[in-house]
Amino acid sequence: MRMPVNPRLFLIVIVSIGLAFPSAVFAHIGHKVEHNHPFPTKKFSVRNGKVVYAKFCASCHGNEGKGDGPAAASLNPRPSDFLHLKYMSMRSRVDHYDAIANGRPNTSMSPWKNTLSDKEIWDVIAYIEHLFNHRWDVSSKVTEELSH
Ligand code: HEC
């Protein structure tokens, strides 16, 4: 099969753009990771993620994920807005996992790894993604990773 673009030239162009605009390239890589990184299980529960979210996260991050829960106003920094397109496209599932499991130092985002199981963390990540793009049917008990 013929490559439509000379791969070496493509690489040179990408590297030069990277040198000129590092943040743009990192954002792009983050975006790719978010969409390509598979969940560790092919099946997870967005429905359970919703339950976890309502119980532990909505007070700060808001019911819709806008970062505007009842506790948010008094916090500095403010809880992340999961509907923010630019922000979300820069975060991968692995970033989210890390933030949820280990918390964010010097913020009110505390580590959840002693409260939530690994599976619950992935479920709640799926629900955060769902808030962002309404990708999954929350009413079904088990969701399967879609191929895209
Ligand atoms: C007490 C308030 C509070 C609660 C409860 C809370 N968070 Fe957060 N969360 C924050 C704040 C504040 C930040 C922003 C930290 C920062 O700016 O670095 C944050 C950041 C995050 C981030 C993104 C970090 C990043 O910048 O990539 C994720 C993902 C997240 N929270 C998920 C959750 C989940 C899931 C729960 C429930 C299990 C939860 N949070 C509960 C306050 C909270």
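Each remark here, short or long, concerns the structure printed above.
Residues numbered from 1 in each chain as written. Predicted model: local features only at pLDDT ≥ 70, side-chain atom pairs only at ≥ 80, totals over all residues.

1. Points about the packing of helix α3 (residues 46-56) against helix α7 (residues 118-133)
Link 1 in the chain: Where α3 meets α7, the axes come as close as 7 Å, and the angle between the chain directions of the two elements is 90°. Classified by the angle their axes make, α3 and α7 are roughly perpendicular. Along its contact with α3, which presents Val46, Asn48, Gly49, Lys50, Val52 and Tyr53, the element α7 presents Glu120, Asp123, Val124, Ala126, Tyr127 and His130.
Link 2 in the chain: Looking at the contact of α3 with α7, its residues break down into six nonpolar, three polar and three charged. (Axes fitted to C-alpha atoms, helices over the stretch in contact; angles between N-to-C directions. Helix = DSSP H or I, 4+ residues; strand = E, 2+ residues; numbered from the N terminus. Parallel < 35°, antiparallel > 145°, perpendicular 65-115°, else oblique. Contact = placed C-beta atoms within 7 Å. Nonpolar A, V, L, I, M, F, W, Y, C, P; charged D, E, K, R; others polar.)

2. Concerning the site of the ligand
Link 1 in the chain: As a structural note, the neighbourhood of the ligand is formed by 21 residues, with Cys57, Cys60, Pro79, Ala99 and Met109 the closest of them.
Link 2 in the chain: Across the shell around the ligand, the residue classes break down as twelve nonpolar, six polar and three charged. (Near = placed C-beta within 6 Å.)

3. Remarks on the packing of helix α6 (residues 93-102) against α7
Link 1 in the chain: Running from N to C, α6 and α7 point in directions that differ by 125°, and their axes come no closer than 10 Å. By the criterion of interaxial angle, the relationship of α6 to α7 is oblique. Crossing of α6 against α7: the hand is right-handed. Taking contact as the criterion, the partners of Arg93, His96, Tyr97, Ile100 and Ala101 in α6 are, on α7, Ile121, Val124, Ile125 and Ile128.
Link 2 in the chain: When grouped by side-chain class, the residues that make up the contact of α6 with α7 number seven nonpolar, one polar and one charged. (Left-handed = near helix turned anticlockwise from the far one by under 90°.)

4. Here's the deal with the environment of Ile125
Link 1 in the chain: For Ile125, the location among the structural elements is in helix α7.
Link 2 in the chain: Overall, the presence of 23 C-beta atoms within 10 Å leaves Ile125 in the buried class.
Link 3 in the chain: Put simply, Ile125 and Gly49 are 76 residues apart on the chain and 7.2 Å apart in space, counted from C-alpha to C-alpha.
Link 4 in the chain: In contact with Ile125, other than residues within four places in its own chain, are Arg93, His96 and Tyr97. (Buried ≥ 20, exposed ≤ 12 C-beta atoms within 10 Å, placed from the backbone.)

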